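# Notes for the structure review
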Amino acid sequence: MKALDELTFDNRFARLGDAFSTSVLPDPLDNPRLVIASDAAMALLDLEPTEAHSPVFAQLFGGHKLWAEAEPRAMVYSGHQFGGYSPRLGDGRGLLLGEVYNQAGEHWDLHLKGAGLTPYSRMGDGRAVLRSSIREFLASEALHALGIPSSRALCVIGSDTPVWRETQERGAMLLRLAPSHVRFGHFEYFYYTKQPEQAKVLGEHVLAMHFPECMEQPEPYLAMFRTVLERNAELIARWQAYGFCHGVMNTDNMSILGITFDFGPFAFLDDFDANFICNHSDHEGRYSFSNQVPIAHWNLSALAQALTPFISVEALRETLDLFLPLYEAHYLDLMRRRLGFTRADEGDKAMVEELLRLMQNSGVDYNLFFRHLGDQPAAAAVAVLRDDFVDREGFDRWAAAYILRAQDGNEVERTARMHAVNPLYVLRNYLAQNAINAAQQGDYEEVRRLHQVLSRPFDEQPGMQAYAQRPPEWGKHLEISCSS
Ligand code: AMP
Ligand code: MG
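Residues numbered from 1 in each chain as written. Chains lettered and ligands numbered in written order. Predicted model: local features only at pLDDT ≥ 70, side-chain atom pairs only at ≥ 80, totals over all residues. Heavy atoms only, no water.

The terminal C-alpha atoms of helix H6 (residues 220–242) lie 33 Å apart, and with 23 residues this matches the ideal 33 Å at 1.5 Å per residue to within 8%. In terms of burial, H6 is largely enclosed, as 18 of its 23 residues are buried. Of the residues trailing H6, Gly243 is marked for its positive phi of about 75 degrees. (Helix = DSSP H or I, 4+ residues; strand = E, 2+ residues; numbered from the N terminus. Expected span 1.5 Å × (residues − 1). Buried < 20%, exposed > 50% of the residue type's maximum accessible area, 1.4 Å probe, protein only.)

Moving on, we get to the coordination of the magnesium ion (ligand 2). Protein coordination at the magnesium ion (ligand 2): the donors are Asn253 (OD1) and Asp262 (OD), at 1.9 to 2.1 Å from the metal. On the accessibility criterion, Asn253 (10% relative accessible area) is buried. (Donors = N, O, S within 2.8 Å, 3.2 Å for Na, K, Ca; no water.)

Right, let's get into the nonpolar core. Grouped together as the largest cluster of nonpolar side chains are 160 residues, with contacts concentrated most on Phe61, Phe369 and Tyr402. The greatest single-element share of this core, amounting to 14 residues, is contributed by H6. Looking at which domains feed residues into this core, each of domain 1 (4–184) and domain 2 (340–419) supplies at least three. Filtering out sequence-adjacent residues up to four positions away, Phe61 remains in contact with Leu4, Trp67, Leu112, Leu154, Cys155, Ile157, Met173 and Leu175. (Core = buried A, V, L, I, M, F, W, Y, C linked by side-chain atoms within 4.5 Å. Domains from an automatic or database assignment. Contact = heavy atoms within 4.5 Å.)

So, on to the site of ligand 1. Around ligand 1, 17 residues are found, and the nearest of them are Gly90, Gly92, Arg122, Gly126 and Asn253. Between ligand 1 and Arg93, the relevant distance is 3.2 Å, taken from a nitrogen atom to a side-chain nitrogen or oxygen of the residue. Arg122 places a side-chain nitrogen or oxygen 2.8 Å from an oxygen atom of ligand 1. Of the residues that constitute the shell around ligand 1, the class distribution is two nonpolar, seven polar and eight charged. (Near = heavy atom within 4 Å. Polar contact = N/O pair within 3.5 Å; in protein donor to acceptor, adjacent residues only side chain to side chain. Nonpolar A, V, L, I, M, F, W, Y, C, P; charged D, E, K, R; others polar.)

Attention now moves to unusual backbone geometry. Even without a glycine there, the phi angle at Asp46 is positive, about 65 degrees. Secondary-structure assignment places Asp46 in the loop between helix H1 (39–44) and helix H2 (55–61). In this structure Asp46 comes out as buried when scored by relative accessible area, which is 10%. Even without being glycine, His477 reaches a positive phi, approximately 50 degrees. If you trace the backbone, His477 turns up in the segment after helix H16 (445–454). With a relative accessible area of 68%, His477 lands in the exposed category.

Let us look at helix H9 (residues 323–339). When the terminal C-alpha atoms of H9 are compared, their 24 Å separation across 17 residues agrees well with the 24 Å that a helix rising 1.5 Å per residue should span. Those residues of H9 lying buried are Phe323, Tyr327, Tyr331, Leu332, Leu334, Met335, Arg336, Arg338 and Leu339. Gly340 lies just past H9 and shows a positive phi near 90 degrees.

The next thing to look at is the packing of helix H15 (residues 429–440) against H16. Between H15 and H16, whose axes approach to 7 Å, the crossing angle comes to 150 degrees. As far as their axial angle goes, H16 and H15 are roughly antiparallel. Within the contact between the two elements, H15 uses Leu431, Ala432, Asn434, Ala435, Ala438 and Ala439 and H16 uses Glu446, Val447 and Leu450. Broken down by class, the residue content of the contact of H15 with H16 amounts to seven nonpolar, one polar and one charged. (Axes fitted to C-alpha atoms, helices over the stretch in contact; angles between N-to-C directions. Parallel < 35°, antiparallel > 145°, perpendicular 65-115°, else oblique.)

Take Ser362: it is sitting in helix H10 (residues 348–362). With residues near it in sequence (within four places) discarded, Ser362 still touches Asp388, Phe389, Val390 and Asp391.

Put into structure tokens, the structure is as follows:
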């Protein structure tokens, strides 16, 4: 374990030079104070949890202090936003402070979000508000606990700095951790600005740092693209299986590592709704829940375009064609587990589709359905769940087939098996909102409690029943502000 001043830096991305990022110092927040820290994320840096409570911690992550070895940089990238190309995006309000390596030899990017103006701020103020920082913190750590790859969050630092959104709010900073902050949009930037040498420097860097196994392949770039595609197919399968809607799947928000990245108006489904749109400025539903699958594929084809200088179009096409089958295989595998099956069967796809159709028609709570399906033996469980469905005959037909299918010889450990993959606690929007309301009054207890509950989503926790319920009337269909 280390103290804060003992972190070891090795700033590999900064060393690529000014074509890739610009040196910028954080702009400090007024009266920085700890809102929340994640012990699990602290451990990734070998930091003792108690370090979060030292005054230096809030100063470091509130932009007042820096390690001598840190080299804060704003990265340049571009990307496709809602289908249209934006030629210059970049870190408009976040800084890569540096790369820290831990005792296990892993590198972690320290990215401070809300750190002030950069050359890429465009019309923005370079800030992040407390509300959105808390949402990103809770979501990153909750997704990780669910087994869904994600960037991580070390802490949120609150402040007295006024920040204007729809109304006056308070500025905050979030310290994000990820093995890399390279996005699809990084490759697009160098491709569309016609800088082939820099594109190659970026490609070689990403290969060497993050895909060393691909360097041994006959075509390293192709192997890397294929790995990126495979990881994204698996990531999206996990989102779809657990009802996570990202909301802003622009190519600048897609990580080259296939992790959930850049949280905005995201939401977990309460009632199942394939057409759910969590982003209120997404009028056409480009990023609706069910569209996440074709959009991920589209985003990968945007990345493929940017890789045409390195890989033949034919090989890129062939690789892109693998996405849907890979996605489907992962998704079905996850859904089988959620249903408690221990082996595959031909009829599984149809059984999942029919269940989702029934859930959609009746507005059944998506995650609680699976949890309760595992509470008891199949026949007893469906007899209780039946009440949630309007189309009882339809559900009874499904349930009869399900009961037969559930008897695949492994009834005994069914509950343990199903509860281990079906969360009791998910980050519902209204739960986050309750925690934010309290935090905006200076009370951080609820954020911390919610974070604790969500860090063990599969374990029933005494006294926490309130977190395992459907939303109250006010908490359904909350309009989450897209400003952040
Ligand atoms: P996002 O929608 O958060 O993924 O951001 C898209 C682009 O806008 C990125 O280049 C961000 O850095 C930039 N951006 C978002 N919010 C702000 C802000 N408040 N100030 C400056 N830039 C911002
Ligand atoms: Mg972004």
